[in-house]
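# Chains, contacts and geometry: an overview
Here's the letter readout for the chains.
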Amino acid sequence: MSEGDSSTDPTPDGGVVSVDAPATRLHDGGTEGSTATDAADESALARLADSSLLTIARREYRLAVRSRWALGVALLFGLFTTAVVQFGASSVGPGRFDAVIATIAELGVYLVPLTALAVGYDAIVGADERGSLELMLALPVTKGRVVVGTAVGRAAVLSGAMLLGFVPGALLTVRYIGLGSVGQYAAVALAAVLTACAMLGVAVLVSTVARTKTHALGAALAIWLWVALLHDLVALGAVAGFDLGSGAIAAAILLNPVDCFRVLALSQVDVVAGGFGSVLAQAGLTVPMVAAALVAWVVVPVGVAAKLIQRRRL
């Protein structure tokens, strides 16, 4: 027998069994080797599908950092907090820190939602127009996970940039007022970040249903006008005109994430100022209730967008 021939062993019935046969033939015509390969491929695809949400979130995070808008957000809030604390806390008076918090609350109701809506309005529709959305959906991943992963990635960048922007104000607060004010300042900063994530969820929902970036931008601006300006006017007019009770007041606050931010911020001081703040005492709201409402504002719009993406034509 030559060295290139396969070695064989005799069997009781006179046949032979190949020792170095590459695979054993199965009943369905396949082999054990090919079946193992298919199982490994299916396992790899399953792992990819399970990790797709985090994979998309990391991709969105890297794209956002590369585009430099995160740096712009950090600089914007850095200038904002520095100016507020510098001109507020450096003045003489026992209520200077209360004035700083009230100023952040009153100006933040315009800046925080506007920033979040600007960050998120093109999250889905922009990817669709660029063609990257269709490319992602070609992978073994559901449309819903693409939406959630995109929202998580952008929320991570937005939160980090805002927290970084609040650092200069925190340092100035320690300088002018002392370490005792850091806890209250940090609570206001976290409330602002949570509100921004809530408005980002709304922006992702708008981006999911909009057909073009222009439509999404127009809808985002309309939403900003409503939550920052018109909602309080309508709510206060309804309360004054129809003599509504505390339940209606509480509902009006919880239905607007910007008002939730104002409540959480002003709860850190003894000053109750501006807009809807004059009726907060009658609403019967607590800080945990308002924080839970903001968390719902983060989760619900993204969940609705994950459902509505199924109807989007690519």
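Further up the page is the structure itself.
These lines cover the structure that appears in this document, whether it is placed above or below. None of the values given here were measured: they were computed from a predicted structure.

### With respect to the overall build of the protein chain
- Summing up its helical and strand segments, the protein chain has 12 helices and two strands in all.
- Starting at the N terminus and walking to the C terminus, you meet the elements of the protein chain as β-β-α-α-α-α-α-α-α-α-α-α-α-α.

### What to know about the nonpolar core
- If you look at the biggest cluster of nonpolar residues, it comprises 64 residues, and the most contacted ones within it are Val-73, Phe-77, Ile-104, Leu-158, Met-162 and Phe-166.
- Secondary structure elements with two or more residues in this core: helix H2 (69-89), helix H3 (96-120), helix H6 (143-176), helix H7 (182-209), helix H8 (213-242), helix H9 (246-254), helix H10 (257-266) and helix H12 (287-308).
- At 13 residues, the largest contribution of residues to this core is made by H7.
- When sequence neighbours within four positions are dropped, the list of residues in contact with Val-73 reads Thr-115, Val-119, Leu-158, Ala-161 and Met-162.

### Structural notes on the side chain of Ser-159
- Note on placement: Ser-159 falls in helix H6.
- The buried category is assigned to Ser-159, whose relative accessible area is 15%.
- A distance of 2.7 Å separates the side chain of Ser-159 from the backbone oxygen of Ala-155, its partner in a polar contact.
- Every residue in contact with Ser-159, bar those within four places of it in the chain, is listed here: Val-193 and Cys-197.

### Focus: the packing of aromatic side chains
- According to the stated counting rule, one finds three aromatic pairs in the structure shown.
- With 6.0 Å between their ring centres and 70° between their planes, Phe-166 and Tyr-185 make a pair best called edge-to-face. Taken together, the residues Phe-166 in helix H6 and Tyr-185 in helix H7 connect sequence positions 19 residues apart.
- Phe-166 sits in the buried class, given a relative accessible area of 4%.
- Joined through ring pairs, the aromatic side chains of Phe-77, Phe-80, Phe-166 and Tyr-185 make up one cluster.

### A short note on H6
- A rise of 1.5 Å per residue sets the reference length of H6, with its 34 residues, at 50 Å; its end C-alpha atoms lie 50 Å apart and thus fit the reference within 8%.
- A maximum bend of about 25° is found in H6 at Val-167, where proline Pro-168 lies one to four positions downstream.
- At the exit of H6 stands Gly-178, carrying a positive phi of roughly 120°.

Cut-offs and rules
Per-chain numbering applies: the sequence of each chain, read as written, is numbered from 1 onward. Under the rules for a predicted model, residues below a pLDDT of 70 receive no local features and side-chain atom pairs below 80 are neither given nor counted, while totals for whole chains, interfaces and linings still include all residues. Where side-chain values are given, they derive from all heavy atoms of the structure, hydrogens and water being excluded. Put simply, DSSP marks the helices as runs of H or I at least four residues long and the strands as runs of E at least two long, and each gets a number from the N terminus on. Residues belong to one nonpolar core when they are buried, are Ala, Val, Leu, Ile, Met, Phe, Trp, Tyr or Cys, and are joined through side-chain atoms within 4.5 Å. For every residue, the accessible area (1.4 Å probe, protein chains only) is compared with the maximum for its type, and the residue is labelled buried under 20%, exposed over 50%, or partly exposed between those bounds. By definition in these notes, contact holds between two residues if any of their heavy atoms fall within 4.5 Å. Each polar contact in these results corresponds to two N or O atoms within 3.5 Å; when the atoms are within protein, one needs to be able to donate a hydrogen and the other to accept it, and residues that are neighboring in sequence are counted only if both atoms are side-chain atoms. To pair, rings of Phe, Tyr and Trp, with the six-membered ring standing in for Trp, must have centres within 6.5 Å; the planes then decide the type, stacked if under 30 degrees apart, edge-to-face if over 60, and tilted in the middle. A helix is expected to span 1.5 Å for every residue after the first. Here the bend at a residue means the angle between the axes of two seven-residue stretches, the one that ends at it and the one that starts at it.

None of the figures reported here should be taken as evidence of function without further support.
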